[in-house]
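The chain contents come next:
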Amino acid sequence: MFESLSDRLGGVFDRLRGRGALTEADVRAAMREVRVALLEADVALPVARDFVEKATEKAVGQNVLRSVTPGQQVVKIVSDALVEMLGAEASELELGVTPPAVIMMVGLQGSGKTTTTAKIAKRLAAGQSAIGGNGRERKKVLMASLDVNRPNAQEQLATLGTQIEVSTLPIVAGQQPVDIARRAMQAAKLQGYDVLMLDTAGRLHVDQALMDEMKAVADVANPAEILLVVDSLTGQDAVNVAQNFSDQVPLTGIVLTRMDGDARGGAALSMRAVTGKPIKFAGTGEKLDALEAFHPERVAGRILGMGDVVSLVERAAESIQVEDAERMAAKMAKGQFDMNDLRAQLAQMQRMGGLGALAGMIPGMKKAQGAVASVGGEKVLVHMDAMIGSMTIKERNKPELINAKRKIRIAKGSGTTVQEVNKLLKMHLEMSTAMKKIKKMGGMKGMMAMLGKGGMGGGLGGIGNAIGGPQMGDMLNKAGAGGLPGGNSGGGLPGLGGKMPQLPASFDDFLKKK
C-alpha cells in the first residue's frame, strides 16, 4: 500500500545521506519534498502540514546539523514523527472485567464489517491478543448480526461462524436491530460467553437513520469497544467517514481493511490524527486469518525501508508446525535431509507470504522485493514444489537415484525444464551437505554455533547477486549478518538457533532470467 510513498521518501533520504554535513537550507528543502510526498499519498492537508512542521523543528536543531551522520538523524526524526502520527504504540482490545464484553462493529456498507467481525472473533477464540502473539487465554465468543437491511447479511455471518468454529446467534426473521441486541446480550449472559460481537448494519453513506440505529444499539448493549471498520482504498473519503462517525458515536478504535491493496496509504496515515482514535487492526487479505495487529512503529519502518523483522518473526512462529519442527530437529541431529524436508521448508516460506513478502520485511531489502517480483520470484516456490511432487516416494527419500532419464520425466510431469530440476537437486545437495556438517559439529549445538557466526547473510547475498549484482549482494550480506534489531543476535525463529532461516546459496539460480 505504501509503496509509492516509500519510494519517494527513500529518494529524499538517499540524497541527504550522500552529504557529509547538512545546512538548514538542505533540511528545509528535504522536508518540503517530504510534505509533497505525503500530499501525493493522499494524506490530509492539515495532517501533512502539522507533521512537516514538527519534524522540521526537530531536524534543524544544532544536534542534527552537527551530527556525525546528519542524514541518518533526519531519517530517525521523520521515523519518530511517523510513529507519533500513526498512534505511538499498538493498542490492545479492552474487554473489561465482567463478561460478556461487547464489541460493536460499525461502518458503511461494503467496508468489510461482517468479514472483519469474523476475523476478530477468530483471533479471540484462538487466544491471540490485539497486539499480536498468543498473549491471552482463549475466549468463548458469540457473534450476532444486527444487519436486517442487506439481503442475507445474517446468513453470511452464520456461514463465517461455521468456518471459524465460533457460535452465532440464531436468526429470528423480522426482528429489529435493538431487539436482536437485547436477545444477544441475554443469550451471552445465560450461556457464559466471554465476548459478544455485534455486527451492525451499514449504509451507502452516512445518514441520520444509521446514526440513530447505532446509538440505540449502543444504549442497550453498553459496548466495551466500538470499532469503526473503514475501507482504506477509499482514500480521503475514508477520513471523512471516520470523522462523521467519531462526531456521533464514542468510537474506541479503527480497523482498516484492504491494507494489501494499491491505495496510496493516506487514509491510514491521516486516520489517527483526524479522529484521535487508535488503529487497532489492519485487514491484509480476504482469508479469515488475514488480519494483523496494527503496530505504528512497524508500519513506519516499512514505509521508510527499515523493514519489519519483528512481524516477520511473529509470522514465522505462527506458520511453523510444531510436529514438523520436532521431526526436522531429529533429522538434523542425524545429519539427514531429503526432498520431503526441502518441501516442508518451501511450504513454510509460502505460509509466511512468499519471497516478496519476506523480502519487504527485512531491513535493506526494499529494492530486492521489487526485483524478486520483476523476475517472477513468487512462482519459484510453486515450481520447486511441483518438481518435488513429480518425484516418486523413493526418489524423494533418496535423491541420488535421480538419473538423466528420471530428470526428463520429472521435468515433463511438473511443466519445468531439466535445467530447473538440476538446480533443485544442486540446492538439495548443498543443504544436505550442511546437515552433515551440523552432525559432525555436534548436532543442534553445532548448528547454533554455526548460525551465530553466519546468520542469514550468505543466503540473502546469493539472492542479491542474482537480482541486482555484487553491490546489492554485498548490501544484503551485511543486512543479514547483523542479526535481529535491538542487540539480540540470538532471538528469532523457534528451533533455528535464534537466527532467520538461511537460504542456500544456489537459491539465486532460480531467480535468474532464462
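Above this text sits the structure in question.
Residues numbered from 1 in each chain as written. Predicted model: local features only at pLDDT ≥ 70, side-chain atom pairs only at ≥ 80, totals over all residues. Heavy atoms only, no water.

## Side note on helix α2 (residues 24–40)
An ideal rise of 1.5 Å per residue puts 24 Å on 17 residues; α2 measures up with 24 Å between its terminal C-alpha atoms. Within the sequence span of α2, burial applies to Asp-26, Val-27, Ala-30, Met-31, Val-34, Ala-37 and Leu-38. Buried residues of α2, viewed axially, fall in a sector of 125 degrees; they line one side. Residues of α2 that are exposed and point more than 90 degrees away from the buried face comprise Ala-25 and Arg-32. (Helix = DSSP H or I, 4+ residues; strand = E, 2+ residues; numbered from the N terminus. Expected span 1.5 Å × (residues − 1). Buried < 20%, exposed > 50% of the residue type's maximum accessible area, 1.4 Å probe, protein only. Arc of directions from axis to C-beta.)

## Here's the deal with empty space enclosed by the protein
Taken as a whole and judged by the stated rule, the model has 3 cavities of 30 Å³ or more. Breaking the lining of the largest cavity down by element, the ones donating at least two residues are β2 (141–145), α7 (153–164) and α8 (177–190). Among the elements that make up the lining of the largest cavity, the one with the highest residue count is β2 (3 residues). (1 Å grid on protein atoms, 1.4 Å probe; cavity = no way out; pocket = protein on both sides within 12 Å on 5 of 7 lines; lining within 4 Å. Points joined across faces, edges and corners; volume = space filled by probe spheres on them.)

## Let's talk about the packing of helix α10 (residues 236–248) against helix α11 (residues 266–275)
The N-to-C vectors of α10 and α11 enclose an angle of 25 degrees; their axes lie 9 Å apart at closest approach. Taken as axis vectors, α10 and α11 run roughly parallel relative to one another. Considering the relative orientation of α10 and α11, their crossing is right-handed. Here α10 contributes Gln-236, Ala-238, Val-239, Ala-242, Gln-243 and Ser-246 to the contact with α11, which in turn contributes Ala-267, Ser-270, Met-271, Val-274 and Thr-275. Residue composition of the contact of α10 with α11, by class: 6 nonpolar, 5 polar and no charged. (Axes fitted to C-alpha atoms, helices over the stretch in contact; angles between N-to-C directions. Parallel < 35°, antiparallel > 145°, perpendicular 65-115°, else oblique. Left-handed = near helix turned anticlockwise from the far one by under 90°. Contact = heavy atoms within 4.5 Å. Nonpolar A, V, L, I, M, F, W, Y, C, P; charged D, E, K, R; others polar.)

## Topic: the pairing of β2
Burial analysis of β2 places 5 of its 5 residues in the buried class, the great majority of the element. Burial along β2 is two-sided: the face carrying Val-141, Met-143 and Ser-145 and the face carrying Leu-142 and Ala-144 are both buried. Note: β2 against strand β4 (residues 195–199), 5 bridges, orientation parallel. Across the sheet, Ala-144 pairs through a bridge with Leu-198, a residue of β4. In the sheet, β2 pairs with strand β3 (residues 167–168) via 2 bridges, with the strands oriented parallel. Within β3, the position partnered with Met-143 by the bridge is Thr-168. Following the backbone out of β2, through α7 and into the adjacent parallel β3, one traces a crossover that is right-handed. (Pairing = 2+ DSSP bridges. Right-handed = clockwise from strand over helix to strand, strands pointing away.)

## As for the sheet that holds strand β6 (residues 253–257)
Strand pairs in the sheet, formed through backbone hydrogen bonds, run parallel or antiparallel to each other. Reading across from one edge, β3-β2-β4-β1-β5-β6-β7-β8 is the order of the 8 strands in this open sheet, with mixed pairing throughout. Here the strands that pair on one side only, and so sit at the sheet edges, are β3 and β8 (291–293). The strands that helix α6 (residues 113–125) touches are β1 (101–106), β2, β4, β5 (225–231), β6, β7 (279–283) and β8; relative to β4, the one it contacts most, it runs at about 170 degrees. Packed onto the sheet, α7 meets β2, β3 and β4 and runs at close to 160 degrees relative to β2.

## Quick notes on the packing of aromatic side chains
Under the defined criterion, the tally for this structure stands at 0 aromatic pairs. The ring of Tyr-193 carries Lys-140 above its face, with NZ or CZ at 4.7 Å from the centroid. (Phe/Tyr/Trp six-rings, centres within 6.5 Å; stacked < 30°, edge-to-face > 60°. Lys NZ or Arg CZ within 6 Å of the ring centre and 35° of its normal.)

## Structural notes on α8
The end-to-end C-alpha distance of α8 is 20 Å, a good match for the 20 Å that 14 residues give at a rise of 1.5 Å each. Every buried residue belonging to α8 is among Pro-177, Ile-180, Ala-181, Ala-184, Met-185, Ala-187 and Ala-188, and all of these are buried. Angular distribution of buried residues about the axis of α8 spans 170 degrees; they occupy a single face of the element. Summarising the geometry of α8, the exposed residues directed more than 90 degrees from the buried face are Gln-186, Lys-189 and Leu-190. Residues of α8 that are buried sit in contact with β1, β2, α7, β4 and α9 (208–221). Once α8 ends, the next one or two residues include Gly-192, with phi positive near 70 degrees.

## Some thoughts on the pairing of β1
With 6 of its 6 residues buried, β1 lies for the most part within the structure. Neither face of β1 is open: one carries Ala-101, Ile-103 and Met-105, the other Val-102, Met-104 and Val-106, and all of them are buried. Both β1 and β5 contribute to a ladder of 4 bridges, which runs parallel. Bridging across to β5, Val-106 finds its partner in Leu-228.

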